[in-house]
Amino acid sequence: MVIALVLQIMINVSLFVLQQSQDSSRFKIDPARGIIQVASPLYLDTGNYNLTVVATDNGAPPLSAEALVYVDMRRNENAPVFATNYTRNISEYASIGQHVVTVSASDADPVTSPSGQLTYELVDGPTQGAVGYFSLSEERSEGVISVNRSLRDFPSSNMYFRVRASDRGVPSKSDTAYVNVRYVYCSSMILPRLGLLVITMYILLNCDDRF
Ligand SMILES: [Ca+2]
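Description of the structure in this document. Owing to the predicted nature of the structure, the values given are computational and were not obtained by experimental measurement.

What counts and how
Residues numbered from 1 in each chain as written. Predicted model: local features only at pLDDT ≥ 70, side-chain atom pairs only at ≥ 80, totals over all residues. Helix = DSSP H or I, 4+ residues; strand = E, 2+ residues; numbered from the N terminus. Buried ≥ 20, exposed ≤ 12 C-beta atoms within 10 Å, placed from the backbone. Contact = placed C-beta atoms within 7 Å. Core = buried A, V, L, I, M, F, W, Y, C linked by C-beta atoms within 7 Å. Pairing = 2+ DSSP bridges. Axes fitted to C-alpha atoms, helices over the stretch in contact; angles between N-to-C directions.

A look at the overall build of the protein
Scanning the protein from N- to C-terminus turns up zero helices and 14 strands. When the elements of the protein are put in sequence order from the N terminus, they spell out β-β-β-β-β-β-β-β-β-β-β-β-β-β. Out of the 211 residues belonging to the protein, those deemed buried represent 18%. Nonlocal contacts in the protein, meaning residues at least 24 apart in sequence, comprise 64% of its contacts between residues at least 6 apart.

Written as structure tokens, this is what we have:
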């Protein structure tokens, strides 16, 4: 990890140093250019860092100034997780744009952080080429999968592909779920059968008709 903070905005500055502190031990600074870099792994640390940079000029006597540097740690501790795979049956005559399924993953990182914000994409396989018949749009942190091409053009009625959810953390983490779309041949559809039809008839009789 490199934190490229260029502090050399003053002319005639001859020396940059980090004021010693517990936080400063994690970083180092280029004394001539003022570029701050990570000096040791930060993976196990919690919280953020406050650094003080001291810049000294070449005057006689030399003068110096301080600048505070706040390092905001952006952690990506959790990967997105799909709770399930998806299976849908759809007519072979499904029109282009027809909704197939909406997928959703969760991420335990805060949604206010890039590490908790998800994007979705379709991934080909295991049924090669099947993914080309579908499109994905993102709506409210979900992935909406729709028909993108006539399913009748595909040689198999059983189509498997994948959907990947990735967070926007650095480095990004992701999870993948399977989507199984089976399209139904209308010619082989079973027509509904009539059940037993019970008809009840009521006949109004005058009392006198009973005798
Ligand atoms: Ca995450």
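Quick word on the nonpolar core
Counting 20 residues, the largest nonpolar core has Tyr 133, Phe 134 and Val 179 as its most contacted members. At the level of elements, strand E8 (99-103), strand E10 (118-123), strand E12 (142-147), strand E13 (158-167) and strand E14 (174-184) are the ones that each hand at least two residues to this core. In this structure Val 179 touches Tyr 86, Val 101, Ile 145, Phe 161, Arg 162 and Val 163, once residues within four positions along its chain are discounted. Counting eight residues, the second largest nonpolar core, distinct from the first, contains Leu 18, Phe 27, Leu 51 and Val 53.

Here's the deal with the sheet that holds E13
In spatial order, the strands read E7-E14-E13-E10; together these four strands make up an open sheet with mixed pairing. Single-partner strands in this sheet number two, and they are strand E7 (86-91) and E10. Mean inter-strand twist for the sheet, computed between neighbouring axes without regard to direction, equals 25°. Sheet topology places E10 next to E13; six bridges connect them, and they run antiparallel. What sits directly across from Tyr 120, in E13, is Ala 165.

Side note on the sheet that holds strand E1 (residues 13-18)
The antiparallel open sheet is built from three strands, whose spatial order is E1-E4-E5. Both outer strands of the open sheet, E1 and strand E5 (64-71), are each paired with one neighbouring strand and no more. Sheet twist, expressed as the mean angle between neighbouring strand axes with direction ignored, is 25°. In the sheet, E1 pairs with strand E4 (residues 49-57) via five bridges, with the strands oriented antiparallel. Looking at E4, one finds that Phe 16 is bridged to Ala 55.

Structural notes on the environment of Glu 138
Summarising the element assignment, Glu 138 is placed in strand E11 (residues 134-139). Residue classification places Glu 138 among the exposed positions, given that 12 C-beta atoms sit within 10 Å. Separated by 19 residues in sequence, Glu 138 and Thr 119 have C-alpha atoms that sit 7.4 Å apart.

Comments concerning the environment of Asp 30
Locating Asp 30 in the fold gives a position in the loop between strand E2 (27-29) and strand E3 (36-38). Asp 30 sits in the partly exposed class, given 13 other C-beta atoms within 10 Å. Every residue in contact with Asp 30, bar those within four places of it in the chain, is listed here: Phe 16 and Ile 35.

Focus: unusual backbone geometry
Residue Pro 61 is reached from Ala 60 by a cis peptide bond, and omega for that bond is 0°. As for its position among the elements, Pro 61 is in the loop between E4 and E5. Residue Val 170 is joined to Pro 171 through a cis peptide bond whose omega torsion reads -5°. Summarising the element assignment, Pro 171 is placed in the loop between E13 and E14.

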